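One letter stands for each residue in the lines below.
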Amino acid sequence: PMALTKLMQWLLGGGCFIALWLALMHDLIPVELTPMGRHVTNWLPLYAGGLFGLASALTIVYRVLMFNDCPEAHSELVREIDEAKADLAKRGFKFVDPKGDKKTS
Amino acid sequence: AMYSIILPTYNERDNLPLLVWMIDKYLGAANIQYEIVIVDDGSPDGTQEAAKQLAKIYSEDRIVLRPRPRKLGLGTAYLHGLKHAKGDHVILMDADLSHHPKFIPQMVAKMRSGSFDIVTGSRYEGEGCGVYGWDLRRKVISRGANFLAQLLLRPGVSDLTGSFRLYKREVLQRLVDSCTSKGYVFQMEMMVRARHLGYSIGEVPITFVDRMFYGDSKLGGSEIVQYLKGLLTLFATT
């Protein structure tokens, strides 16, 4: 059996949500709703979307703030580059001087 | 086990020797049998001359130069490299020193201990991961893009656009043969297809040093559009 694409999964999920919502809107589901509950149900897609958008934005902000900068990785790299240049020169590697394109040893 | 590091290069005359030195240092210390297959796309700056010098210093068996006449794309560079690679495992990484070879032994160990088909470096998750050199704008774009990709694709991999990965050879061959996107999306597509084909993927936290030596490490509007297009294509087709 062929697996559903992610798009199909979302359409299916979205379809179920809308079907459920429409059922609620047309009183097809026997459930007691307070006036507040009624209001939320009427605007459910908007509230759900808004909540989701807010949660997403907060998640992204959090992850940006918690981002791991790693300055030690940079300084370690700079040190190793110097070590590498010295060792390679010893082994006979001829580096190209970027300023004059002349070979330096 | 023999590890082939396939390195597509373009104008890396200055970075290549340093990278090779570091690879030799860390893989040598870990007793890992390796070769470096350099796929240079006709660099005008002397990259191939540098590679030839390195082959003299480190041996022709270890430094394998297999150039191409001009820039022909990353996917085909990997294919080209695979044709000439002798290893049963392949490591893909960037040639500009943003990826540090010290993580390769960790990836090798992870692959062994978890019997994974693929081990990917992750800049975003795990103890010790990180990125150096990104400003706020870049971080926001990165986190936002990753959030979207996780939401839409649920890939089971924390760093979808990363390009520092260890593969079993036949796994990589199969993936490169079946992936068609370009740029960032190519790396994403590989992971998504890998999951679809049932391959297991392990992760190792890595540090990524964005050196911005080219002055412009920014992500432009067109690259963002390409990314979104690619993401939506993967969303709709996998």
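Just so it is clear, the model here is predicted, and its values are computed rather than measured.

Each value, and the rule that gives it
- Sequence order sets the numbering: in each chain, residues are counted from 1 along the sequence as written.
- Each chain takes a letter, starting from A, and each ligand takes a number, starting from 1, following the order in which they are written.
- In keeping with the model being predicted, local features are shown solely for residues with a pLDDT of at least 70 and side-chain atom pairs are shown and tallied solely at 80 or more, while totals for entire chains, interfaces and linings include all residues.
- As a rule here, side-chain values come from all non-hydrogen atoms in the structure, and water together with hydrogens is ignored.
- Across the chain, each position has a pLDDT score giving the predictor's confidence in that residue, from 0 to 100.
- UniProt positions are given in the numbering used here, feature names are shortened, and annotations may be inferred rather than shown by experiment.
- In this description a helix means any DSSP run of H or I spanning at least four residues, a strand means any run of E spanning at least two, and both kinds are numbered starting from the N terminus.
- Paired strands are those between which DSSP finds at least two bridges.
- Geometry is summarised by axes, namely lines fitted to C-alpha atoms with helices restricted to the contacting stretch, and by angles between N-to-C directions that run from 0 to 180 degrees.
- Basic side-chain nitrogens of Lys or Arg form a salt bridge, by our definition, when they fall within 4 Å of a carboxyl oxygen of Asp or Glu.
- Only protein chains enter the accessibility calculation, which uses a 1.4 Å probe. A residue is then buried if its area is under 20% of the maximum for its type, exposed if over 50%, and partly exposed in between.
- Working definition of a nonpolar core: buried Ala, Val, Leu, Ile, Met, Phe, Trp, Tyr and Cys residues. They are joined through side-chain atoms within 4.5 Å.
- Working rule for contacts: check all heavy atoms of both residues, and any pair within 4.5 Å makes them a contact.
- Here a pair means two rings of Phe, Tyr or Trp (six-membered ring of Trp) with centres within 6.5 Å. Their orientation is stacked below 30 degrees between planes, edge-to-face above 60, and tilted elsewhere.
- Charges are assigned to positions over rings by a cutoff of 6 Å between ring centre and Lys NZ or Arg CZ, combined with an angular limit of 35 degrees from the ring normal.
- Angles are sorted into four bins: roughly parallel if under 35 degrees, roughly antiparallel if over 145, roughly perpendicular if 65 to 115, and oblique for all others.
- Three classes are used: nonpolar for Ala, Val, Leu, Ile, Met, Phe, Trp, Tyr, Cys and Pro, charged for Asp, Glu, Lys and Arg, and polar for all others, with Gly counted as polar.

## Thoughts on the confidence of the model for chain B
Point 1. A residue-level look at chain B finds 97% of positions with pLDDT of 70 or above and a mean pLDDT of 92.
Point 2. The complex model carries a pTM of 0.90, and its ipTM stands at 0.87.

## Examining the UniProt feature "domain: Glycosyltransferase 2-like" (unreviewed entry) in chain B
Point 1. Here the UniProt-annotated "domain: Glycosyltransferase 2-like" (unreviewed entry) positions come out as residues 4-175 of chain B.
Point 2. Secondary structure over residues 4-175 of chain B splits into 44% helix and 19% strand, and the C-alpha atoms at its two ends are 17 Å apart.

## Side note on the sheet that holds strand E7 (residues 165-168) of chain B
Residue and element names in this part refer to chain B.
Point 1. In space, the 7 strands of this open sheet follow the order E3-E2-E1-E4-E7-E5-E8, with mixed pairing throughout. Of all the strands in the sheet, just strand E3 (63-65) and strand E8 (201-205) have a single pairing partner and so form its edges. The average angle at which neighbouring strand axes cross in this sheet is 20 degrees, direction not considered.
Point 2. Alignment of strand E1 (residues 3-9) against strand E2 (residues 34-40), held across 7 bridges, turns out to be parallel. Bridged to Thr-9 within E2 is Asp-40.

## Here's the deal with the pattern of salt bridges
All names here are of chain B.
Point 1. This structure, assessed with the given rule, holds 11 salt bridges over all chains.
Point 2. Taking the shortest distance from any N to any O, the salt bridge between Asp-117 and Lys-168 comes out at 3.6 Å. One end of the pair, Asp-117, is in the loop between helix H4 (103-114) and strand E5 (118-122); the other, Lys-168, is in strand E7, with 51 residues separating them in the sequence.
Point 3. Assessed through its relative accessible area of 16%, Asp-117 is described here as buried.
Point 4. Using a relative accessible area of 23% as the deciding quantity, one classes Lys-168 as partly exposed.

## Things to note about the nonpolar core
Point 1. B:Ile5, B:Ile36 and B:Met93 are the most contacted members of the largest nonpolar core, which totals 46 residues.
Point 2. Put simply, the parts of the chain that give this core at least two residues each are helix H4 (71-90) of chain A together with E1, helix H1 (15-29), E2, helix H2 (47-58), E3 and H4 of chain B.
Point 3. The leading source of residues in this core is H1(B), at 8 residues.
Point 4. Leaving out residues up to four positions away in the same chain, B:Met93 has contacts with B:Ile5, B:Ile6, B:Leu7, B:Pro8, B:Leu19, B:Ile23, B:His99, B:Pro101, B:Ile104, B:Ser163 and B:Phe164.
Point 5. Core analysis: the second largest hydrophobic core is formed by 36 residues, B:Ile6, B:Tyr78, B:Val157 and B:Val171 among them.

## Re the packing of aromatic side chains
When we look at a pair of aromatic rings, we describe it by the centre distance and by the angle of the planes.
Point 1. All chains considered together, the criterion is met by 6 aromatic pairs over all chains.
Point 2. Ring centres of A:Phe67 and B:Tyr124 lie 6.4 Å apart, and the angle between their planes is 70 degrees; on these two criteria the pair is classed as edge-to-face. With A:Phe67 in the loop between helix H3 (44-65) and H4 and B:Tyr124 in the loop between E5 and strand E6 (130-132), this pair bridges two chains. Neither A:Phe67 nor B:Tyr124 differs from the other in exposure class; each is buried.
Point 3. A residue is classified by how much of its surface remains accessible, and A:Phe67, at 8% relative accessible area, is buried.
Point 4. Through a chain of ring-to-ring contacts, the aromatic side chains of A:Phe67, B:Tyr124, B:Trp134 and B:Phe208 assemble into a single cluster.
Point 5. Taking NZ or CZ as reference, B:Arg123 lies 5.3 Å from the ring centre of B:Phe208, over its face.
Point 6. Over the face of the ring belonging to B:Trp134 we find B:Arg138, whose NZ or CZ atom lies 4.0 Å from the ring centre.

## Description of the packing of helix H5 (residues 136-153) of chain B against helix H8 (residues 221-237) of chain B
A packed helix pair is summarised by two numbers, namely the angle formed by the two axes and the spacing between the axes.
All names here are of chain B.
Point 1. For the pair H5 and H8, the least separation of the axes is 10 Å and the interaxial angle reads 10 degrees. By the criterion of interaxial angle, the relationship of H5 to H8 is roughly parallel. The segment H5 lies against H8, with Ile-141, Ala-145, Asn-146, Leu-148, Ala-149, Leu-152 and Leu-153 engaging Ile-224, Tyr-227, Leu-228, Leu-231, Leu-232, Leu-234 and Phe-235.
Point 2. Of the residues that constitute the contact of H5 with H8, the class distribution is 13 nonpolar, 1 polar and no charged.

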